[in-house]
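Structural description and commentary
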Number of protein chains: 2
Amino acid sequence: SLIFVIFICIAVPVHANVSDPLPSWNAGASKASIMDFVNRVTAEDGPYFVPPEQRIATFDNDGTLWSEQPMYFQVIFALDRVKTMASDHPEWVEKSPAVKAAMAGDVKSVLAMGKKGLVEIIAASHAGMTESEFSQIVTDWVDSSRHPRFDRKYTELVYQPMLELLDYLRANGFKTYITSGGGISFMRPWSESVYGIPPEQVIGSSIKHQFEMRDGKPVLVRLPEINFIDDKEGKPVGINSHIGRRPIMSVGNSDGDHQMLQWATGGSGARFAMLIRHTDEEREWAYDRESHIGKLDKAWDDAVDKGWTVVDMKMDWKVVYPFQRAD
Amino acid sequence: SLIFVIFICIAVPVHANVSDPLPSWNAGASKASIMDFVNRVTAEDGPYFVPPEQRIATFDNDGTLWSEQPMYFQVIFALDRVKTMASDHPEWVEKSPAVKAAMAGDVKSVLAMGKKGLVEIIAASHAGMTESEFSQIVTDWVDSSRHPRFDRKYTELVYQPMLELLDYLRANGFKTYITSGGGISFMRPWSESVYGIPPEQVIGSSIKHQFEMRDGKPVLVRLPEINFIDDKEGKPVGINSHIGRRPIMSVGNSDGDHQMLQWATGGSGARFAMLIRHTDEEREWAYDRESHIGKLDKAWDDAVDKGWTVVDMKMDWKVVYPFQRAD
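Throughout this description, residue numbers start from 1 for each chain and increase along the sequence as written. Numbering of ligands from 1 and lettering of chains from A proceed in the order in which they are written. Restriction of local features to residues with pLDDT of at least 70 applies here, the model being predicted, together with a cutoff of 80 or more for giving and counting side-chain atom pairs; totals for whole chains, interfaces and linings are based on all residues. For the side-chain quantities, the full set of heavy atoms in the structure was used; hydrogens and water were omitted.

Looking now at the overall build of chain A. Helix and strand definitions follow DSSP, with helices as H or I runs of at least four residues and strands as E runs of at least two, each counted in order from the N terminus. When its secondary structure is counted, chain A shows 13 helices and 9 strands. For chain A, the spread of C-alpha atoms along the principal axes amounts to about 70 × 65 × 40 Å. Residues are treated as being in contact if the distance between any of their heavy atoms lies within 4.5 Å. Within chain A, contacts between residues separated by at least 24 positions form 66% of all contacts whose residues are at least 6 apart in sequence. Here, Shrake-Rupley sampling with a 1.4 Å probe gives the accessible areas, and only protein chains in the shown set may cover a residue. Roughly 14400 Å² of accessible area belongs to chain A as shown, and the carbon and sulfur atoms make up 52% of that amount. When charges are tallied, Lys and Arg are placed among the positive residues and Asp and Glu among the negative ones, while His and the ends of the chain are skipped. Every charge is mapped to an atom, namely NZ of Lys, CZ of Arg, CG of Asp or CD of Glu. Placing the 35 positive and 45 negative side-chain charges of chain A at their respective mean positions leaves the two points 1 Å apart.

All names here are of chain B. For strand β7 (residues 272-279), the buried fraction is high: 8 of the 8 residues fall into the buried class. When the strands point away from the viewer and the connection leading from the first strand across the helix to the second strand turns clockwise, the crossover is called right-handed. Taken together, strand β6 (residues 249-252), helix α11 (residues 258-265) and β7 form a β-α-β motif whose crossover is right-handed. Think of it this way: DSSP has to see at least two bridges between two strands before they count as a pair. In the sheet, β7 pairs with strand β9 (residues 309-312) via 4 bridges, with the strands oriented parallel. Its bridge partner being in β9, isoleucine 276 is matched across the sheet by valine 311. Sheet topology note: the β7/strand β8 (residues 286-287) ladder contains 2 bridges and is antiparallel. From the neighbouring strand, threonine 279 faces β8, where its bridge partner is alanine 286. In this structure, the hairpin formed by β7 and β8 is closed by a connection of 6 residues. Between buried and exposed lies partly exposed: a residue is buried under 20% and exposed over 50% of the maximum accessible area for its type, with that area taken using a 1.4 Å probe on protein chains only.

Attention now moves to the environment of proline 23 of chain B. Residue and element names in this part refer to chain B. Tracing the sequence through the fold places proline 23 in the loop between β1 (2-16) and α1 (29-42). Its relative accessible area of 40% is what places proline 23 among the partly exposed residues. Beyond its immediate chain neighbours, meaning those up to four positions away, proline 23 contacts Glu164 and Lys318.

Right, let's talk about the nonpolar core for a bit. Where a protein is soluble and globular, its nonpolar side chains tend to be buried together. Grouped together as the largest cluster of nonpolar side chains are 71 residues, with contacts concentrated most on Phe59, Met162, Leu165, Tyr195 and Met249 of chain B. Take this core: its biggest share by element is 7 residues, from helix α2 (residues 73-85) of chain B. Contacts of phenylalanine 59 of chain B, omitting those with residues within four sequence positions, involve Leu65, Met162, Leu165, Leu166, Leu169, Thr176, Tyr177, Ile178, Thr179, Met249 and Val251 of chain B. What we call a nonpolar core is a set of buried Ala, Val, Leu, Ile, Met, Phe, Trp, Tyr and Cys residues that are connected through their side-chain atoms within 4.5 Å. The next biggest cluster of nonpolar side chains, apart from the first, holds 70 residues, and it includes Val41, Phe73, Phe186 and Val202 of chain A.

Residues and elements named next belong to chain A. Among the residues making up helix α12 (residues 298-306), those that are buried are Ala299, Trp300, Asp302 and Ala303. The arc that holds the buried residues of α12, viewed along the axis, is 165°, so those residues lie on one side. When the buried face of α12 is taken as reference, the exposed residues oriented beyond 90 degrees from it are Lys298, Val304 and Asp305. For α12, the secondary structure elements touched by its buried residues are α11 (258-265), β7 (272-279) and β9 (309-312). At the C-terminal side of α12, glycine 307 shows a positive phi close to 80°. The arc in question is traced by the directions running from the helix axis to the C-beta atoms.

All names here are of chain A. Between glutamine 69 and the following residue, proline 70, the backbone shows a cis peptide bond with an omega angle of 0°. Tracing the backbone shows proline 70 in the loop between β2 (56-59) and α2 (73-85). Even without a glycine there, the phi angle at aspartate 215 is positive, about 50°. Counting through the fold element by element, aspartate 215 comes out in the loop between β4 (202-214) and β5 (217-228).

This is the structure:
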């Protein structure tokens with residue numbers, strides 16, 4: 001016979017001032033629509049109740065949970081890596097127009113090469129090491145790099161209102177996922193400490209991996225070959241692959257998130273889709289239909305048409321970054 | 001001010017006979033090694049403590065959680081589908097040697113074609129519909145088909161001792177995953193009700209999917225193209241893709257699980273690897289080194305060499321299937 005413990009729980013009704021779960025959100029339609037949705041799907045006796053295991057919420061990362069200007073932070077990481085590594089690999093500079101442009105500091109040309117240029121940079125900067133070595137490289141970079149405009153770590157450029165939203169959802173039984181066009185292995189080393197999202201709930205683009213035994217120790221080697229692009233039509237595919245259930249809530253900020261929002265809202269029962277509009281060039285940046293990064297055009301029209309929530313950063317958010325809080 | 005509820009919890013120590021968490025396991029080295037491992041990683045003051053978020057356990061499915069004879073149940077499903085569908089698609093029979101053999105009932109030839117034959121059958125039986133249509137097809141087949149030897153639903157041919165092990169691990173804070181060479185979309189429709197493993201914790205082989213809008217509704221179409229083979233070297237790759245952490249415990253039954261067990265035991269701290277040996281031809285089947293299905297050869301040698309737990313079904317298990325229980 002063993003000693004164990006029984007918890008006797010007594011429900012005690014209490015009147016109290018419940019603190020606002022979303023203190024960095026101004027009162028208004030966006031905040032109200034979020035709280036209304038959460039209240040509806042968690043009301044056990046209501047017509048919109050969703051059991052906890054189906055409360056899946058997926059969030060784009062770049063431009064939705066953290067900033068993406070003057071370019072995707074992972075691109076800045078990649079350019080830093082290319083510069084660091086190129087002295088060991090002079091052949092890269094000749095072989096790859098994108099690496100050559102990056103070495104010359106000509107970021108504009110790299111971006112103008114589109115996906116092909118991006119892939120060349122990623123192959124040169126993200127492959128050839130083991131998965132755990134890459135994880136350490138990312139951690140070191142995140143710890144030592146500073147954003148040029150704010151002189152802050154990149155992981156400080158996350159949106160305080162979105163951190164509150166993630167917490168609020170989890171407190172209401174939601175499972176929160178990242179579904180980013182960015183690299184899955186680039187986000188996982190810091191997603192748990194920064195967003196409270198564990199590695200198994202991070203979905204993103206990936207390169208291929210190969211299992212090998214090296215000196216009797218198993219390793220996963222990162223190969224210079226694209227495995228999956230988790231963007232646009234890829235987002236619902238990545239969600240299906242990793243989760244196997246359709247989210248009931250999805251949040252993005254650009255046309256790259258359009259299909260994910262269509263997918264999330266295409267099921268039955270209560271559904272919630274939200275777009276973050278970058279309208280605040282003072283505290284963050286302002287860009288939409290004409291932007292090379294985070295272009296928001298068709299998804300915005302569709303959001304207006306369908307009545308999805310469209311957040312206006314300038315109007316809806318009391319603060320943007322955690323370091324801007326008054327406390 | 002709102003009304004909410006505070007739960008007051010009082011810890012009450014109670015003396016009681018704690019029931020055996022693994023009642024279908026005979027006392028012996030296998031059972032002792034499992035319980036010893038779980039006790040060690042959950043002992044907060046001990047040297048082997050593992051925080052709950054890192055208690056990841058991965059299980060092969062075919063031959064580890066349910067039977068795989070006279071052939072993988074998914075192959076039986078595929079052959080049933082090919083027969084059902086072939087009248088609509090006479091061109092398949094001419095185009096594919098595997099489909100032709102399957103139609104003639106010549107399963108031996110299909111199996112002899114190896115992976116290529118399997119792929120032809122899977123392409124003909126698993127693609128061309130949406131993901132939710134396929135899920136319904138699987139559910140209907142599982143509900144209506146019977147295993148030829150036992151005249152039971154295939155989902156009744158799961159191992160009672162393994163169901164107890166999954167429960168026991170989850171009660172001790174483990175997250176349990178399936179990591180199968182079988183199809184991820186074939187297992188997800190029933191993994192939660194049969195194993196208590198939700199779809200987001202199922203990893204397996206997959207074909208490619210494509211997002212489309214059909215009559216204004218989003219769908220994921222299953223394409224006749226292999227996306228990922230979650231077997232042998234693929235298993236650690238699939239684990240890394242889906243979980244992003246290394247399991248501390250892994251269980252398999254064949255050489256297809258060897259690399260997964262190497263991967264799980266290759267990390268630091270307490271590690272547990274286990275192989276199920278099929279030694280019971282009376283209650284289940286007996287096969288190992290020479291078997292076409294579930295061949296256990298190199299992984300067995302390595303298990304003996306490394307001191308991994310090797311379960312002898314006949315000796316270690318009081319019952320094999322739930323329907324064989326005395327109660």
